[in-house]
Amino acid sequence: MSSRTSPIGRSITIRRAVARDAKRLTRLVRGSGAYEGKYAAAVAGYRVGPDYIEAHRAFVAVGADEHGGRVLGFYSLVLAPPELDLLFVADEAQGRGIGRLLVAHMQSEARAAGLDRVKVVSHVPAEDFYHRVGAVPIGTVPANPPAVPWDRPEFEFRIPSE
């Protein structure tokens, strides 16, 4: 388990997700404000199940102070092919540096796994976030109706060896 502190001084612990986190992660995805309106259908039936957590490197950010151990965000790293599959921060916790902490943790995990780059297909409203945390645009993934009826920006995190 690793512990990090967000830029505003609140203690955040990043730990491996476990099966009992599945319902909380599913609620976080389905309740994301970034998926309102025309994007709502993309997550309406989405489920982060215990099987998904077992099969991927999923990590959660937990508030260790005023949030009483509440899950504030999470990510999932797929190793082959290398991809940041999911990254969500609870709406009420956004703007506190939690997403940046999760990305830094993901990069550390990718480096430890011997990866030199990690792809991410971004949700359109998250595009600016990925620019800010150092992802490099590499293309566009075309719409895939009916599941995803819009084009999505594709980024890559370059993972330098230390």
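See the structure printed just above.
Okay, so let's go over this structure. (Residues numbered from 1 in each chain as written. Predicted model: local features only at pLDDT ≥ 70, side-chain atom pairs only at ≥ 80, totals over all residues. Heavy atoms only, no water.)

What follows deals with the environment of Phe74. Locating Phe74 in the fold gives a position in strand E4 (residues 71–78). A relative accessible area of 1% places Phe74 in the buried class. Each C-alpha atom of the pair Phe74 and Val103 lies 9.7 Å from the other, and the pair is 29 residues apart in sequence. (Helix = DSSP H or I, 4+ residues; strand = E, 2+ residues; numbered from the N terminus. Buried < 20%, exposed > 50% of the residue type's maximum accessible area, 1.4 Å probe, protein only.)

Let us now look at unusual backbone geometry. The amide bond that connects Ala80 to the next residue, Pro81, takes the cis arrangement and shows omega of -10°. Note that Pro81 resides in the loop between E4 and strand E5 (83–89).

All chains considered together, the criterion is met by seven aromatic pairs. Centroid distance Phe59 to Tyr75: 5.4 Å. Interplanar angle 20°. Geometry classified as stacked. Here the residue Phe59 occupies a position in strand E3 (residues 57–63), and Tyr75 occupies one in strand E4, the gap between them amounting to 16 residues. Accessibility expressed as a relative area gives 1% for Tyr75, which makes it buried. Taking 5.2 Å as the distance between ring centres and 70° as the angle between the ring planes, the aromatic pair formed by Phe129 and Tyr130 counts as edge-to-face. Put simply, the rings of Phe129, Tyr130, Phe155 and Phe157 pair up and form one aromatic cluster. (Phe/Tyr/Trp six-rings, centres within 6.5 Å; stacked < 30°, edge-to-face > 60°.)

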